[in-house]
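Observations on the model geometry
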Amino acid sequence: MKVERAKLSWLERLYIPSILNGFKVTMRHFFSWKRSGVYADKQSDYSAKTTMQYPEEKWPVPTGYRGAPYLVKDVDDNTKCVSCQLCEFVCPPKAIRITPPGQGGEVDREGAEKMPKEFEINMLRCIYCGFCQEVCPEEAIFLLKDYAITGENREELIYDKEKLLSLGGADERAYDHHVQDGVDEGIKKWEKKTQDAQNQPTFH
Amino acid sequence: MPEFITELLNNHAWLMVAIKVLGVFAVVMPMVAYSVVAERRISAFIQDRVGPNRVGIPFTKIKLLGLGQPLADGLKSFLKEDFTPGHVKRVFYWMAPAVSMIPSFVVFAVIPFGSVLGAQKMVIADLNVGILFTFGIVSLGVYGVVLAGYASNSKYPFLGGIRSSAQMISYEIAMGMAVVPVFMLAADPTWREGLPAESEWNAYLDGTGLLNLSSVVAYQSDGLFSWLIFKQPIAFCIFLIAIFAETNRLPFDLPESETELVAGYNTEYSSMRFALFFMGEYAAMIAGSALMVVLFCGGWTLPIDGFNTPAQSLGMGVLHILVFIGKIAVFLGLMIWVRWMLPRFRYDQLMNIGWKRFLPLSLANIILTAIVLWATA
Ligand code: SF4
Ligand code: SF4
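All of these numbers come straight from a predicted model, not from anything done at the bench.

For the rest of this paragraph, the subject is the environment of Val135 of chain A. All names here are of chain A. Tracing the sequence through the fold places Val135 in helix H4 (residues 131–135). Relative accessible area serves as the criterion here: at 24%, Val135 is assigned to the partly exposed category. The spacing of Val135 and Lys73 is 62 residues in sequence and 17 Å in space, taken between C-alpha atoms.

The next thing to look at is the nonpolar core. Soluble globular proteins tend to bury their nonpolar side chains together. The biggest cluster of nonpolar side chains holds 87 residues, and the ones touching the most others in it are Tyr171, Phe183, Phe239, Leu295, Phe296, Phe324 and Ile328 of chain B. If one sorts the elements of this core by residue count, helix H12 (residues 271–296) of chain B sits on top with 13 residues. Counting contributing residues, this core receives three or more from each of domain 1 (1–79) and domain 2 (84–376) of chain B. Aside from chain neighbours lying at most four places away, what touches Phe239 of chain B is Phe135, Met175, Ala178, Val179, Leu291, Met292, Leu295 and Phe296 of chain B. One finds Leu71, Cys126, Tyr159 and Leu164 of chain A within the second-largest nonpolar core, a separate group that totals 25 residues.

Here we take up empty space enclosed by the protein. One pass over the structure, following the stated rule, counts three cavities of 30 Å³ or more. Its boundaries defined by the atoms lining it, the largest cavity holds a volume of some 290 Å³. Of all the elements in the fold, those that place two or more residues in the lining of the largest cavity are helix H4 (90–106), helix H5 (130–152), helix H6 (155–186), helix H10 (233–246) and H12 of chain B. By residue class, the composition of the lining of the largest cavity is 14 nonpolar, seven polar and two charged. Here the second largest cavity defines a volume of roughly 80 Å³. What lines the second largest cavity is a set of 15 residues, and nearest its centre among them are Pro69, Cys91, Cys126, Cys129 and Cys132 of chain A.

Residues and elements named next belong to chain B. Across the interface, helix H2 (residues 13–46) lies against H12 with an axial gap of 9 Å and an inter-helix angle of 100°. Here H2 lies roughly perpendicular to H12, going by the angle between them. Two secondary-structure elements touch here, H2 through Val28, Met29, Met31, Val32, Ser35, Val36 and Glu39 and H12 through Phe278, Met279, Tyr282, Ala283 and Ile286. Grouping the constituent residues of the contact of H2 with H12 by class yields 10 nonpolar, one polar and one charged.

Taken together, the side chains of Lys7 and Arg13 of chain A together with Lys356 and Arg357 of chain B define a basic patch exposed on the protein surface. The topology assignment puts Arg357 of chain B in helix H14 (residues 347–376).

Here we come to the site of ligand 1. All names here are of chain A. Surveying the vicinity of ligand 1 reveals the residues Pro69, Cys91, Pro92, Pro93, Ile96, Cys126, Ile127, Tyr128, Cys129, Gly130, Phe131 and Cys132. Judged by its atoms lying within 2 Å of the grid points, ligand 1 is housed in the second largest cavity. Residues of the shell around ligand 1, tallied by class, amount to 11 nonpolar, one polar and no charged.

Once that is clear, we can look at the pairing of strand S2 (residues 96–99) of chain A. Residue and element names in this part refer to chain A. Of the two faces of S2, the one lined by Ile96 and Ile98 is fully buried and the one lined by Arg97 and Thr99 carries no buried residue. When S2 meets strand S3 (residues 118–122), the two strands line up antiparallel, connected through four bridges. Paired with Ile98 across the bridge in S3 is Phe119.

This part is about the layout of surface pockets. Quantified by volume, the largest pocket comes out at close to 850 Å³. The wall of the largest pocket is formed by 26 residues, among which Leu14, Ile16 and Ile19 of chain A together with Ile241 and Phe358 of chain B lie closest to the centre. Looking at the lining of the largest pocket, the elements with two or more residues in it are helix H1 (10–13) and helix H2 (16–30) of chain A together with H10, helix H13 (314–341) and H14 of chain B. In terms of residues, the lining of the largest pocket owes the most to one element, H10 of chain B, which gives seven residues. Split by residue class, the lining of the largest pocket holds 24 nonpolar, no polar and two charged. Around the second largest pocket, the lining is made up of 25 residues, and of these Asp73, Gly74, Ser77, Ala275 and Phe278 of chain B lie nearest the centre. Residues from two domains meet in the lining of the second largest pocket; each of domain 1 (1–79) and domain 2 (84–376) of chain B gives at least three.

Attention shifts here to the domain arrangement of chain B. All names here are of chain B. Each assigned domain of chain B is listed here: domain 1 (1–79) and domain 2 (84–376). Summarising the inter-unit geometry, the C-alpha centres of domain 1 and domain 2 are found 21 Å apart. With 21 residues of domain 1 at the interface, the matching set in domain 2 holds 24 residues. Surface buried jointly by domain 1 and domain 2 totals about 2100 Å² across both partners, of which 81% is contributed by carbon and sulfur atoms. The largest share of the area that domain 1 buries against domain 2 comes from Lys20, Met31 and Glu39, three residues that together contribute 28% of it. One salt bridge in this structure joins Glu39 and Arg249, with 2.9 Å as the shortest N-O distance. Taken together, domain 1 and domain 2 are joined by five residue pairs in polar contact (both at pLDDT 80 or more). Contributing elements (two or more residues each) for the side of domain 1 that touches domain 2: H2 and helix H3 (69–79). A total of 18 residues in the side of domain 1 that touches domain 2 trace back to one element, the largest contributor, which is H2.

Residue and element names in this part refer to chain B. The full count for this structure, using the stated rule, is seven salt bridges over all chains. For Glu39, the salt bridge is made with Arg339, and the minimal N-O distance between the two is 2.9 Å. Taken as a pair, Glu39 in helix H2 and Arg339 in helix H13 lie far apart in primary sequence, 300 residues in all. Look at Glu39 and you get buried, because its relative accessible area is 3%. Residue Arg339 is classed as partly exposed on the basis of its relative accessible area of 24%.

We now examine the confidence of the model for chain B. Across chain B, the average pLDDT comes to 82, with 97% of residues at or above 70. Our summary of model confidence lists the complex with pTM equal to 0.77 and ipTM equal to 0.71.

Cut-off values and rules
- Residues numbered from 1 in each chain as written.
- Chains lettered and ligands numbered in written order.
- Predicted model: local features only at pLDDT ≥ 70, side-chain atom pairs only at ≥ 80, totals over all residues.
- Heavy atoms only, no water.
- Helix = DSSP H or I, 4+ residues; strand = E, 2+ residues; numbered from the N terminus.
- Buried < 20%, exposed > 50% of the residue type's maximum accessible area, 1.4 Å probe, protein only.
- Core = buried A, V, L, I, M, F, W, Y, C linked by side-chain atoms within 4.5 Å.
- Domains from an automatic or database assignment.
- Contact = heavy atoms within 4.5 Å.
- 1 Å grid on protein atoms, 1.4 Å probe; cavity = no way out; pocket = protein on both sides within 12 Å on 5 of 7 lines; lining within 4 Å.
- Points joined across faces, edges and corners; volume = space filled by probe spheres on them.
- Nonpolar A, V, L, I, M, F, W, Y, C, P; charged D, E, K, R; others polar.
- Axes fitted to C-alpha atoms, helices over the stretch in contact; angles between N-to-C directions.
- Parallel < 35°, antiparallel > 145°, perpendicular 65-115°, else oblique.
- Patch = residues over 30% accessible without salt bridge, like charges linked within 9 Å, V, L, I, M, F, W, Y side chains within 5 Å.
- Areas by Shrake-Rupley, 256 points an atom, 1.4 Å probe, with all protein chains shown as cover.
- Salt bridge = Lys/Arg side-chain N within 4 Å of Asp/Glu carboxyl O.
- Lys, Arg positive; Asp, Glu negative; His and termini not counted.
- Charge placed at Lys NZ, Arg CZ, Asp CG, Glu CD.
- Near = heavy atom within 4 Å.
- Sits in = over half its atoms within 2 Å of the grid points.
- Pairing = 2+ DSSP bridges.
- Buried area = accessible area lost by both parts, 1.4 Å probe.
- Polar contact = N/O pair within 3.5 Å; in protein donor to acceptor, adjacent residues only side chain to side chain.
- pLDDT = per-residue confidence, 0-100.

Pasting the structure below:
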């Protein structure tokens, strides 16, 4: 193939106009402290250049984002999980491992028959699919917005019950998460499902 | 100075040379390190980024605008795996980084980086053929690149090596030719009579020949417009561009051109060996800048009283060295900046410019200078 080369004029072949142009462009960029428009709504604290200063600055996580799954507590600071092990069963990569309390295990809230003795999620295995949140009858596990899961070794990344509960925090946070997704606060999952079903148009 | 030290230094001249060598090394190495940081920061700013701004003093939270970066980079390249691919020619492969780095440092031997400190002239080897020595050494630098290309035994480094040798040969000639008029002016000993502080200069230049770099500096000490950048602008432009080509800097970085040749001659290198190439490149930049400062921009002199004669006190001597370093920094800044101003030349353009433009132009410049000198003599 023959590439047609544009004929350069005498001035162009001196390369001086292009050198000056290059100088102009680099100067403009060097002294420009503007944030690029692409990030305009994303970043607020830092004002210089386009680089996002992670980890001081972070992307606002969009609604509906599936981050790391954590256990949540109810408003009275009690464990919500009832150790039904549905999440363990449904988890595709088998990231969840629950040790049930066995006979006569204690519970910390009324209306619960049992609570897990140990609840581990291996964050290295988890694929953030959200099945556990979907399946949980007690709304005890939520995929919150954490995405930067770091640790120095593999053991550290197997989160145990205490860690999951403290990271998950009280129930409101989970509700917030859901409210953003368009679910009213305080509505139990199954009630919502029932409502949805009732709201379906009927065909008869 | 205590008696015995003076005596020791007088009896063993090499001691003083060793001290100077160490001194120059101690200045040039940090300059290499920090020109890398400067390169990264300036590049980042031109590209609307921020660049490395995190590393400060180790084990503290002090960031210092990322000035600790060289330390981290150095440590990193030491700790990385030094991988030798199976298909390389080992001996040459091991030699190449050293061969490319050493010449860049050796150039500093003849560069007058300051006037005097005490009784010592601030140049390691005050050669009477300083400029010839420089050219001889600078052109050795290409062997490292060619050797790396050959030893790597794979196609991209090989192409890089070939390009490098062609490029160096072309620009070496233009560069040498560009410097000829400089010495046509500086080697005419009559100018020494007109200098403001003639006796001091005469003492300083005692026994130096006219191809000596110190004498070029002395020639330019007489006011701003005696700087050869103003007297020989064409020579300066050619020399500047040739230095860009010699140091493989954009827009002439064809041996490395990462868009075409992966990383050119250093594709197969990793870890400390790659760092040696890298340091060699920056040392060559500094050496090239130093040459430009000495030949065209008045060396360590400034057209101000006190800065245009050899130093009378230690303090002034140090200031002269700082002036020299400052001027080098300006040229380094220019080299870094130009990297983002111009796209890389095509290979045929490169050869065209070298042989068809700069060579005739520098020859014409020599003739022009000769005519002017003859007419005014
Ligand atoms: S999000 Fe998916 S992979 Fe992760 S723990 Fe829940 S069910 Fe398992
Ligand atoms: S988190 Fe939910 S699904 Fe999993 S064991 Fe507890 S209650 Fe059952």
